[in-house]
Amino acid sequence: MLVNAQFKKGVLELIVLESVRKRDMYGYELVAEVSKVVDVNEGTIYPLLKRLTNEHYFETYLRESTEGPPRKYYHLTAAGVPYRDSLEADWLEFSQRVNAFLQEHGV
């Protein structure tokens, strides 16, 4: 499904945070998980992961892999949990307002 780039940008952070909230994930695994919702590539996800790590919402660790070099895993920090929750609340309010507006206008 093609999604407007601005819509995708606005919700991508929430999807990434929610994915890692469920379980620690490595970058390529996150790309695959997020792609189930919106079409993304590594060039979109890795800068976001770096920023979220720099902002202390994620911490990273290396885990050995049987398929090559160790993988860098992302873990949601204690600071990341309320940040994710606030993004979810913002998204729910925003989407409800847009849906209500569209319904009022017969869309």
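Because the structure is a prediction, the values reported are computed rather than measured.

(A) Looking closely at the overall build of the chain. Of the regular secondary structure elements, the chain holds four helices and three strands. Moving toward the C terminus, one meets the helices and strands of the chain in the order α-β-α-α-β-β-α. Based on the C-alpha atoms only, the size of the chain along its principal axes is roughly 55 × 30 × 20 Å. Taking the intrachain contacts of the chain between residues at least 6 apart in sequence as the baseline, contacts between residues at least 24 apart amount to 50%. Put simply, the chain shows about 7,300 Å² of open surface, and 55% of that area lies on carbon and sulfur atoms.

(B) Spatial organisation of the side chain of Ser 19. As for its placement among the helices and strands, Ser 19 is situated in helix α1 (residues 5-22). Taking the relative accessible area as the measure of exposure, Ser 19 reaches 9% and is therefore buried. Once you skip the residues sitting within four places of it in the chain, Ser 19 turns out to touch Met 25, Leu 30, Glu 33 and Val 34.

(C) A look at the packing of aromatic side chains. Counted under the stated rule, the structure contains five aromatic pairs. Ring geometry for Tyr 57 against Tyr 83: centres 4.0 Å apart, planes inclined by 0°, an arrangement best described as stacked. Taken together, the positions of Tyr 57 in the loop between α3 (42-54) and β2 (58-65) and Tyr 83 in helix α4 (residues 80-104) put the pair 26 residues apart, joining distant regions of the chain. Judged by centre distance (6.1 Å) and plane angle (45°), the rings of Trp 91 and Phe 94 are tilted. Here Trp 91 and its partner Phe 94 are both found in helix α4, three residues apart, which amounts to about one turn of the helix. Owing to a relative accessible area of 36%, Trp 91 belongs among the partly exposed residues under this scheme.

(D) The nonpolar core, seen in detail. Val 16, Leu 30, Val 34, Ile 45 and Phe 58 are the most contacted members of the largest nonpolar core, which has 22 residues in total. Listed by contribution, the elements that provide at least two residues to this core are α1, α2 (27-35), α3 and β3 (68-76). Broken down by element, this core gets its largest block of residues, seven residues, from α1.

(E) Fine view of the pairing of β3. Taken together, the two bridges between strand β1 (residues 25-26) and β3 define a ladder with antiparallel strand orientation. Its bridge partner being in β3, Met 25 is matched across the sheet by Tyr 74. Sheet topology note: the β2/β3 ladder contains seven bridges and is antiparallel. Each bridged residue has a counterpart across the sheet, and for Thr 60 the counterpart in β3 is Tyr 74. Where β2 folds back onto β3 in an antiparallel hairpin, the turn is made up of two residues.

Reading the values: the criteria
Residues numbered from 1 in each chain as written. Predicted model: local features only at pLDDT ≥ 70, side-chain atom pairs only at ≥ 80, totals over all residues. Heavy atoms only, no water. Helix = DSSP H or I, 4+ residues; strand = E, 2+ residues; numbered from the N terminus. Contact = heavy atoms within 4.5 Å. Areas by Shrake-Rupley, 256 points an atom, 1.4 Å probe, with all protein chains shown as cover. Buried < 20%, exposed > 50% of the residue type's maximum accessible area, 1.4 Å probe, protein only. Phe/Tyr/Trp six-rings, centres within 6.5 Å; stacked < 30°, edge-to-face > 60°. Core = buried A, V, L, I, M, F, W, Y, C linked by side-chain atoms within 4.5 Å. Pairing = 2+ DSSP bridges.

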